[in-house]
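Listed here are the chains, written in short residue letters.
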Amino acid sequence: MSMVPTLLSVEGLTKSYGGVHAVRGVSFELRAGEILALIGPNGAGKSTCFDMLNGQNIPDSGRIRVLGAETTGKKPRVIWRMGVGRTFQIAATFPTMTVRENVQVALVSHGAQLFNLWASTARQARDEAGRLLDLVGMGAYAERPCGELAYGDVKRLELAIALANQPKLLLMDEPTAGMAPRERVELMRLTARIAREQSIGVLFTEHDMDVVFEHADRILVLNRGTLIAEGSPEEVRGNTQVRAIYLGEGLLYDARHREGASA
Amino acid sequence: MAFYVVQFLTGLASAASLFLVASGLSIIFGVTRIVNFAHGAFYMLGAYVAFTLTERFSGAFGFWGGIIVAALAVAAIGVLVEMVLLRRIYHSPELFQLLATFGLTLMVEDLVVLIWGPDDLVGRRAPGFKGAIEFFGQNIPSYDLFLIALGPVVLGVLWLLFQRTRWGVLVRAATQDRDMVAALGVNQKWLFTSVFALGVFLAALGGALQIPRDAVNHAMDLRVIVEVFVVVVIGGLGSIIGAFVAAVLVSELNAFGILIFPKISIILVFLVMAVVLIVRPWGLFGKPEAPARRTPGLTVNPWRPLTTNERLAAIAVLVVAAALPFVAGNYVLTVGSEIAIFVIFAVSLHFLMSVGGLASFGHAAYFGLGAYGVALLAKMAGLPMIACLLLGPLLGLLGAAVFGFFAVQLSGVYFAMLTLAFAQIVWSIAFQWVSVTGGDNGILGVWPEKWAASPSHFYWLSLGIAALAVVILRIIVFSPFGFALRATRDSPLRGEAIGINGKRIQWTAFVIAGTVAGLAGALFAYLKGSVFPDNMGISLSVDALVMVLLGGVETVSGAVVGAIVYKALNIWLVSQTDLSKLVLGGFVVLIVVAFPKGIVGTLEAFVHRRRKSSSSASSPLLTSRIESAE
């Protein structure tokens, strides 16, 4: 395992608003193919942390590096070009285009063709888009208007868009928010499978503890802007400090699984 | 020194009215999210009604009473407008709201001329403030001092109203989150109506108070609305303090700008506005605007290139149009050329609006720049026609590159206001820079060369260029650039997250649209043989907007149909009635309220529905979904 390169390295990330320290000295690393969950109660600083990683927010201090290259304070579009894909808490797609066209735009952007005024986009990267859609199980919906999709399908489309630049790192902000329970499991299984196959590192925030404990290789727990625990799901579940301040849900999880085991 | 002080005080006095109107606009926007274009019209109505009342009733009581009653009466008209029109469009896209209130403005302009006549009306002096006060040898009208005091007083009253009354608390709450206020059980309808009434009252009061200073005329609405837009862009929409500070700033810049650039004083205001926009895009006291609402019901079907059959049909239509000179006379051909030119103009705006999602309210600026470009090249440099046609539009390109750079920093209503203000600036340069542009007299004698001089030849030229423009813009729509532009329109957030530099894409689109508009203007100069400041006037910008809407803003090339129908109708209407603005305004309001999808959009929706209902029974996708659900 030690041969797997460090994909994302975060050192001393700090951000405050006025007197409020939203994020204080957060440091962690993420290796290729690893699925890392960032959890914490509301207001813990997850979103601030996330926004600094994807370039929507500029840290006061600290460094973020992707495969050794500095991304701190860079614009989202620049970070994307450095091989970081992302999905949004509320899925963001292009509703007036077809599902295939949604992916084609991302592919065209990846191919640095955005200022091409003359070629027909329809012929560009058509098959590549179809392949990505098949990968996320949306191949049958390729010609549908994106605006008509069910929300779960929009989330899968968003994943396909995020994969268009062959990212090395995928940032997913509450990937399963607003989805039905079965869809959640499917989406996360899909993400995990793709991540392992293509050795993509995944960092996601999540409120649903079932999702977190089932899919994360490692968990970071954030509270009041600082990391209070880090480790495998078992380690985090056993951490008394985490239990004390946070895991109301975790206890339920334990109880439910013990019930399941005894039954 | 004393001179400068007096100049400063004059500026402060002008600021009072501007502040009243701008604060009214800001308050209305804060709660209803409507940028009330008709605000200038209410200002003008206030002045006219106050003129009538103060002439009718003598004495101090008659004057001051007349002013207050005028403002109240116009506020009552405002309430009527809100209840009859605005309540129907609160959930429409902003563009439609701006257009509907613009339609109102057009109607009021004609109504005012109908009631009060076309001549300027000079009202009487304010009782008690008739004299002037001497200040180191300079005279300051005492009425100016009254206005200077009035501004802060109104600001104070508004502050008390919003901080100390229950109604004010509701208004502030609604400004922050109107859905939440509605959820808390507040009667939103009457809150909106009362806010609109207050805003209109302030505008009308601002107009009424101008009587002793300025003649009342039927062009004062547009003059003030442009200044007010500049004020709220600088001060920040929704902020009353911002409106006050910016009103003072703009008025002082005007007062002193005249001393520095006597011919083009508005340049100074523009420069300040540009600086503010770069440093604080949401104005000095404003807050960033939330992303525009998506309107449910206005769903867009994904665009697709024409099928082979549709292409053949389009070519057939073009061939028929090209055969027109064999059957029609010179008048029809000249009208035909004009329509072709407006097709070019309309598709250029349509490209910006539909594909780019950027509704420019000042697109005529680039049309006019193209026209002036041709006129200057032909008259001053004496270049041949072909060279002029190729180089003239470059002036449109240049203007679009400069103004577009600032404009695309903003979106939605800010974008609309800013483009309108830019167009007004270009217009006033053309109007005031007499030595180059000929001012009001324009530039005459720009005639086509022999090969294009006959009506049929010029018609073919215009038709050919129009066809070319439509085809090129369509190609761009379906090019990667077009996709990036649509992506930025649909979701700037997602666009940025897949590496799209939205601002640069939009700027490029703005330049493309401006250049094509400049091409239309270049042809127009040759068609008319002359150019005038009106070639970049507001009414031309609105003509273009109406053509786009009429065709259907969600279509790829609906503007072609919109331009043909609208221009033909317009030419016919002007020959039939003196009240063309009234009819036109009513028409605009009707489209917005009744046919928001436009001609082509309505047809497409109809065809789409029929196709859907005939095929839904056997849709493989639907059945497979049902199966998988089971």
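Residues numbered from 1 in each chain as written. Chains lettered and ligands numbered in written order. Predicted model: local features only at pLDDT ≥ 70, side-chain atom pairs only at ≥ 80, totals over all residues. Heavy atoms only, no water.

Let's shift gears to the domain arrangement of chain B. Residue and element names in this part refer to chain B. Entries for chain B in the domain assignment read domain 1 (2-279), domain 2 (333-596) and domain 3 (601-630). The interface is formed by 39 residues belonging to domain 1 together with 38 residues belonging to domain 2. Counting each side, the surface lost to burial between domain 1 and domain 2 is near 3,600 Å², with a carbon and sulfur contribution of 87%. Together, Phe96, Leu99 and Asp110 form the three largest contributors to the area buried by domain 1 at its contact with domain 2, with a combined 17%. Seen at the junction of domain 1 and domain 2, the total is one salt bridge. Residue Lys581 pairs with Glu109 through a salt bridge whose shortest N-O separation is 2.7 Å. Counting across the interface, domain 1 meets domain 2 through four residue pairs in polar contact (both at pLDDT 80 or more). With 15 residues, helix H4 (residues 94-116) is the largest single contributor of residues to the side of domain 1 that touches domain 2. Residues of the side of domain 1 that touches domain 2, tallied by class, amount to 31 nonpolar, three polar and five charged. (Domains from an automatic or database assignment. Contact = heavy atoms within 4.5 Å. Buried area = accessible area lost by both parts, 1.4 Å probe. Salt bridge = Lys/Arg side-chain N within 4 Å of Asp/Glu carboxyl O. Polar contact = N/O pair within 3.5 Å; in protein donor to acceptor, adjacent residues only side chain to side chain. Helix = DSSP H or I, 4+ residues; strand = E, 2+ residues; numbered from the N terminus. Nonpolar A, V, L, I, M, F, W, Y, C, P; charged D, E, K, R; others polar.)

This part takes up the packing of helix H5 (residues 142-164) of chain B against helix H10 (residues 240-260) of chain B. All names here are of chain B. In contact at an axis separation of 11 Å, H5 and H10 are set at 170° when each is read in the N-to-C sense. With respect to H10, the element H5 is oriented roughly antiparallel. Contacts between H5 and H10 pair Gly151, Pro152, Leu155, Leu158 and Phe162 from the former with Ile240, Ile241 and Phe244 from the latter. For the contact of H5 with H10, the per-class residue count stands at seven nonpolar, one polar and no charged. (Axes fitted to C-alpha atoms, helices over the stretch in contact; angles between N-to-C directions. Parallel < 35°, antiparallel > 145°, perpendicular 65-115°, else oblique.)

For helix H14 (residues 364-381) of chain B, spanning 18 residues, the distance from its first C-alpha to its last is 24 Å, which sits close to the expected 26 Å at 1.5 Å a residue. Of the residues one or two after H14 of chain B, Gly382 of chain B is the one with positive phi, at around 65°. (Expected span 1.5 Å × (residues − 1).)

A word on the confidence of the model for chain A. With 92% of its residues at a pLDDT of at least 70, chain A reaches an overall mean of 87. Segment residues 259-263 of chain A: pLDDT under 50, and zero contacts once partners within four positions in sequence are set aside and those in other chains are kept. (pLDDT = per-residue confidence, 0-100.)

Attention shifts here to the sheet that holds strand S6 (residues 84-87) of chain A. Residues and elements named next belong to chain A. Here six strands make up an open sheet; going across it, the order is S6-S7-S8-S3-S9-S10 and the pairing mixed. Looking at strand neighbours, the two that pair on one side only are S6 and strand S10 (226-231), the edges of this open sheet. Neighbour to neighbour, the strand axes of the sheet diverge by 15° on average, direction disregarded. In this sheet, strand S8 (residues 201-205) lies alongside strand S3 (residues 35-39) in parallel orientation, the contact comprising four bridges. Bridge assignment links Leu38 to a residue of S8, and that residue is Thr205. Where helix H5 (residues 151-162) meets the sheet, its contacts fall on S6 and strand S7 (169-173), and the angle it forms with S6 comes to roughly 170°. (Pairing = 2+ DSSP bridges.)

Residue and element names in this part refer to chain B. There is a patch of nonpolar side chains on the surface, built from Phe3, Tyr4, Ile258, Leu259, Ile260 and Phe261 and spanning about 550 Å² of accessible area. Put simply, the parts of the chain that give the nonpolar patch at least two residues each are helix H1 (2-32) and H10. Counting residues per element, the nonpolar patch draws most heavily on H10, at three residues. Its location among the elements puts Ile260 in helix H10. (Patch = residues over 30% accessible without salt bridge, like charges linked within 9 Å, V, L, I, M, F, W, Y side chains within 5 Å. Areas by Shrake-Rupley, 256 points an atom, 1.4 Å probe, with all protein chains shown as cover.)

Here we take up the confidence of the model for chain B. Residue and element names in this part refer to chain B. In the predicted model, chain B carries a mean pLDDT of 88, and 94% of its residues have values of at least 70. When the elements of chain B are averaged for pLDDT, helix H27 (residues 620-629) gives the smallest value, 38, and helix H22 (residues 502-528) the largest, 97. In this model, residues 292-298 is a region of pLDDT below 50 whose contacts with residues beyond four sequence positions or in other chains number 17 contacts.

Here the focus is the interface of chain A and chain B. At the interface, 40 residues of chain A touch 35 residues of chain B. Together chain A and chain B conceal approximately 3,300 Å² of surface at their shared face, both sides included; 65% is due to carbon and sulfur atoms. Taken as a group, Arg77, Thr96 and Leu117 of chain A account for 21% of the area that chain A buries against chain B, more than any other trio of residues on that side. Our count for the contact surface shared by chain A and chain B stands at three salt bridges. Residue Glu496 of chain B pairs with Arg77 of chain A through a salt bridge whose shortest N-O separation is 3.2 Å. Here chain A is connected to chain B by 14 residue pairs in polar contact (both at pLDDT 80 or more). Elements with a contribution of two residues or more to the side of chain A that touches chain B: helix H2 (76-81), S6, helix H3 (99-110) and H5 of chain A. Its residues placed into classes, the side of chain A that touches chain B shows 20 nonpolar, 11 polar and nine charged.

Residues and elements named next belong to chain A. If you trace the four strands from one edge of the open sheet to the other, you get S2-S1-S4-S5, paired in antiparallel fashion. One side of each edge strand has no neighbouring strand; the edge strands of this open sheet are strand S2 (20-31) and strand S5 (69-70). With respect to the sheet, helix H1 (residues 46-54) is in contact with strand S1 (6-17), S2 and strand S4 (61-66), its orientation differing from that of S1 by roughly 120°.

Residues and elements named next belong to chain B. By the bridge criterion, four bridges tie strand S1 (residues 132-135) to strand S2 (residues 138-141) in an arrangement that is antiparallel. Bridge pairing in S2 links Phe135 to Gln138. Here S1 hands over to S2 after two residues, with Phe136 in that stretch at a positive phi of 45°.

This brings us to helix H23 (residues 538-551) of chain B. Residue and element names in this part refer to chain B. In a regular helix each residue adds 1.5 Å, so 14 residues correspond to 20 Å; H23 covers 20 Å between its end C-alpha atoms and thus fits that length. For H23, the buried fraction is high: 13 of the 14 residues fall into the buried class. In the stretch just after H23, Gly552 is the one whose phi turns positive, near 125°. (Buried < 20%, exposed > 50% of the residue type's maximum accessible area, 1.4 Å probe, protein only.)

With that settled, consider the packing of aromatic side chains. Going through the model one piece at a time under the given rule, you end up with 29 aromatic pairs over all chains. When the ring of Phe19 of chain B is compared with that of Phe244 of chain B, the centres are 5.1 Å apart and the planes differ by 90°; the resulting orientation is edge-to-face. Taken together, the positions of Phe19 of chain B in helix H1 and Phe244 of chain B in helix H10 put the pair 225 residues apart, joining distant regions of the chain. The exposure class assigned to Phe19 of chain B is buried, which follows from its relative accessible area of 1%. Summarising the aromatic geometry, the rings of Phe367 of chain B and Phe524 of chain B are spaced 5.3 Å apart at their centres and angled 55° between planes, so their arrangement reads as tilted. In this pair, Phe367 of chain B sits in helix H14 while Phe524 of chain B sits in helix H22, placing the two residues 157 residues apart along the sequence. The two residues Phe367 of chain B and Phe524 of chain B agree in class, both being buried. The ring centre of Phe88 of chain A lies 3.9 Å from the NZ or CZ of Arg86 of chain A, which sits over that ring. (Phe/Tyr/Trp six-rings, centres within 6.5 Å; stacked < 30°, edge-to-face > 60°. Lys NZ or Arg CZ within 6 Å of the ring centre and 35° of its normal.)

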